Amino acid sequence: MKFIGILSLFTLVGTCSTPKYIVKLQNLKDAIVLSDSTIVMQYANSITQNELKTHLYKFTSDDFEGRKVGEPGQKLAANYLKSYYIDEQIKSPLRSTNYYQTIPESFFSNQYKSSENVFAYIESIENPEDIIIISAHLDHLGVNENGKINSGADDDGSGTVALLEMAQAFNLAKLDGYGPKRSILFLHLTAEEIGKRGSEYYTNHPVFPLENTIANLNIDMIGRVDDLHKNKKDYIYLIGDDRLSQELHFISEETNNTFFNIDLDYRYNALNDTNNYYSRSDHYNFALHDIPVIFYFNGEHADYHKETDTPDKINYQLLEKRTKLIFATAWQIANQDHRLAIDAENELLK
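Residues numbered from 1 in each chain as written. Predicted model: local features only at pLDDT ≥ 70, side-chain atom pairs only at ≥ 80, totals over all residues. Heavy atoms only, no water.

## Remarks on the nonpolar core
The test is simple: For our purposes a nonpolar core is just a set of buried Ala, Val, Leu, Ile, Met, Phe, Trp, Tyr and Cys residues, chained together by side-chain atoms within 4.5 Å. Each residue is placed in one exposure class: buried if its accessible area under a 1.4 Å probe, protein chains only, is under 20% of its type's maximum, exposed if it is over 50%, and partly exposed if it falls in between.
Tyr85, Met166, Phe186, Ile219, Tyr296 and Phe327 are the most contacted members of the largest nonpolar core, which totals 72 residues. Counting 23 residues, the second largest nonpolar core, distinct from the first, contains Phe119, Leu187, Ile239 and Tyr277.

This is the structure in C-alpha cells:
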C-alpha cells in the first residue's frame, strides 16, 4: 500500500516523533547501502516456482498425514527436510549428521509425543558468531474428525519450501566464493500449531547463544492471496519489522524498493491490531528475547486450517517472488559491513 509506505517513516516513530528524532530516522534510512546488489539477484534467481512446487506437492502429500506434532507423518516430514539438506551438502549446526533438536514428550502435554525441530547451517568465515535465523514451522493439524488430511499447503508448507530454496541459494553462493559475512541458521520449527512450542523450546535451549542471534525472519503462509488483495495480488504483510530495530525496517524497504516493488502492507503491524498476529507465530518467541524480527504473512483465507488448504491453490509465481524478497533481505543483513543494531544500541538514533 503506497499510502502506508509514504507514512511509514512517521507512524513507526510513535511517541518519539520529535523533529530531532525524525531527522535521526532519516539519517538511519539514508545510511542503508545494499551489499552486492549485482550478485544477490544472481542467486535469488536460483529460487524457482517449479522447484517450490515440486517440494510443496511432496511435503503436503498424504504420506505425511497432515504433519501432526509427534505423529508418524510429522516424523516423515522432518526426515524429508533432513534428507534434502544432506543431499544438498548443507551442514547441520551440530557438526554431525544429526539435523534434529529433539523435544521430549515431557515438554508437551500428555496429548503429544516427542517431536523435533529441524535445522541446517551456512557458516560464515568472517563473523561466524553472528547468527541470522530464517524460520518456518513444519507441523500442521494432522487428520480431522472426518478422516480428511489437513495438508497445510499454505500453512506452513509454503514457508517450509521457501526455506529449502533459500538454503540452496545461499549454499550455491558460498560454493562460488560469496559466503555470507554472518552465519545463517535455517530453522524448521515443530509444534507451532499447539502454541509456538517448538520456537519456545529453541529459545529456551538455543544451539547458539541468543545474544549472538541478530535477527529472525519468520515465514508463516506466503503462498496465497487474501480477500483484501484479490484485485492486487503482488503484496505481502510485514509484521514486527520496526518493533525492535528501525534499521531492520529500512533494510527491508530498501531491498524491496530496489529489486521487487512488492506492496508491503503493514496494517497488521499496528499496535492495536485486534488479530494479534504479532504474537501468533514463532517469531514472537525471538522478539521476547529482544531479537529483531520480521513476520512474513499473506493473511488468512477461506481454506485456513481446513482440509482444503491444498497445493493446487498456491500461487507459485507469488511464492517465488516473496521467497526472493526474503532471501535478498537476509542477504543484506548477513553481508552489510556492520552488525544489525536494535534501536537502543544504534548510534544513529542516540
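There is more to say, and it comes next.
## Focus on the environment of aspartate 226
Note the cut-off: Counting from the N terminus, the helices are the DSSP runs of H or I reaching at least four residues and the strands are the DSSP runs of E reaching at least two. Every residue pair with non-hydrogen atoms within 4.5 Å of one another is taken to be in contact. Here a polar contact is taken to be a pair of N or O atoms separated by no more than 3.5 Å, where protein atoms must pair a possible hydrogen donor with a possible acceptor and residues adjacent in sequence count only if both atoms sit in side chains.
Relative to the elements of secondary structure, aspartate 226 occurs in the loop between strand E5 (213-219) and strand E6 (235-239). The class of aspartate 226 is buried, set by a relative accessible area of 5%. Between the C-alpha atoms of aspartate 226 and asparagine 298, which are 72 residues apart in sequence, the distance is 6.7 Å. Ignoring any residue separated from it by four or fewer positions in sequence, one finds aspartate 226 in contact with Tyr235, Tyr237, Asn298, Gly299 and Glu300. Engagement of the side chain of aspartate 226 in a polar contact is seen with the side chain of tyrosine 237, the distance being 2.5 Å.

## Quick notes on the sheet that holds E6
Let me state the cut-off plainly: Paired strands, as defined in this entry, are two strands with at least two bridges between them according to DSSP. Angular values range over 0 to 180 degrees, each being the angle between N-to-C directions of two axes fitted as lines to C-alpha atoms, with helices fitted over their stretch in contact.
A sheet is described by the order of its strands in space; here eight strands give the open sequence E1-E2-E4-E3-E5-E8-E6-E7, paired in mixed fashion. This sheet does not close on itself; its edge strands, each paired only once, are strand E1 (100-103) and strand E7 (263-265). Each neighbouring strand pair of the sheet contributes to a mean axis angle of 25°, computed without reference to strand direction. Two strands pair when backbone bridges link them, and E6 and strand E8 (residues 293-297) are joined in this way by three bridges, in the antiparallel orientation. Paired with isoleucine 239 across the strands is phenylalanine 295, a residue of E8. Against the sheet, helix H5 (residues 72-87) touches E1, strand E2 (115-122) and strand E4 (182-189), its axis set at about 15° to E2. Running at roughly 150° to strand E3 (residues 127-137), helix H6 (residues 153-175) makes contact with E2, E3, E4 and E5 of the sheet.

## Details of the environment of isoleucine 132
One can find isoleucine 132 in strand E3. Between the C-alpha atoms of isoleucine 132 and phenylalanine 107, which are 25 residues apart in sequence, the distance is 26 Å. Residues within four places of isoleucine 132 in sequence aside, it is in contact with Arg182, Ser183, Ile184, Leu185, Ile214, Ala215, Ala330, Ile333 and Ala334.

## A closer look at helix H10 (residues 316-335)
Rules: Helix span, as expected, comes to 1.5 Å for every residue beyond the first.
An ideal rise of 1.5 Å per residue puts 28 Å on 20 residues; H10 measures up with 28 Å between its terminal C-alpha atoms. Summarising burial for H10: 18 of the 20 residues are buried, a large majority. Near the N-terminus of H10, the side chain that reaches the backbone nitrogen of glutamine 317, with its oxygen 3.3 Å away, is that of asparagine 315.

## Brief notes about the pattern of salt bridges
Working definition: two side chains of opposite charge can pair if their charged atoms are close together. Put simply, the rule reads: Take a side-chain nitrogen of Lys or Arg and a carboxyl oxygen of Asp or Glu: if they are within 4 Å of each other, that pair is a salt bridge.
On inspection of all chains with the given rule, the structure shows 16 salt bridges. Of the charged contacts in the structure, one is a salt bridge between lysine 75 and glutamate 116, with a shortest N-O distance of 3.1 Å. Taken as a pair, lysine 75 in helix H5 and glutamate 116 in strand E2 lie far apart in primary sequence, 41 residues in all. Lysine 75 sits in the partly exposed class, given a relative accessible area of 28%. Owing to a relative accessible area of 6%, glutamate 116 belongs among the buried residues under this scheme. Close ionic contact of arginine 224 with aspartate 303 constitutes a salt bridge, the shortest N to O distance being 2.7 Å. You can see arginine 224 sitting in the loop between E5 and E6 and its partner aspartate 303 sitting in the loop between E8 and H10, a full 79 residues away along the chain. Judged by relative accessible area, arginine 224 falls into the buried class, the value being 10%. When salt bridges that share partners are traced, they join Arg224, Asp303, Asp309 and Lys313 into one network.

## Observations regarding the packing of aromatic side chains
As a reminder, the rule being used: For this analysis, a ring pair means two rings from Phe, Tyr or Trp (six-membered ring only for Trp) whose centres lie within 6.5 Å, classed as stacked if their planes differ by under 30 degrees, edge-to-face if by over 60, and tilted for the remaining angles.
With the rule as written, the count across this model stands at 22 aromatic pairs. Consider the rings of tyrosine 84 and tyrosine 85, whose centres lie 5.5 Å apart with planes at 75°: the pair is edge-to-face. On the accessibility criterion, tyrosine 84 (8% relative accessible area) is buried. The exposure class of tyrosine 85 is buried, given its relative accessible area of 0%.

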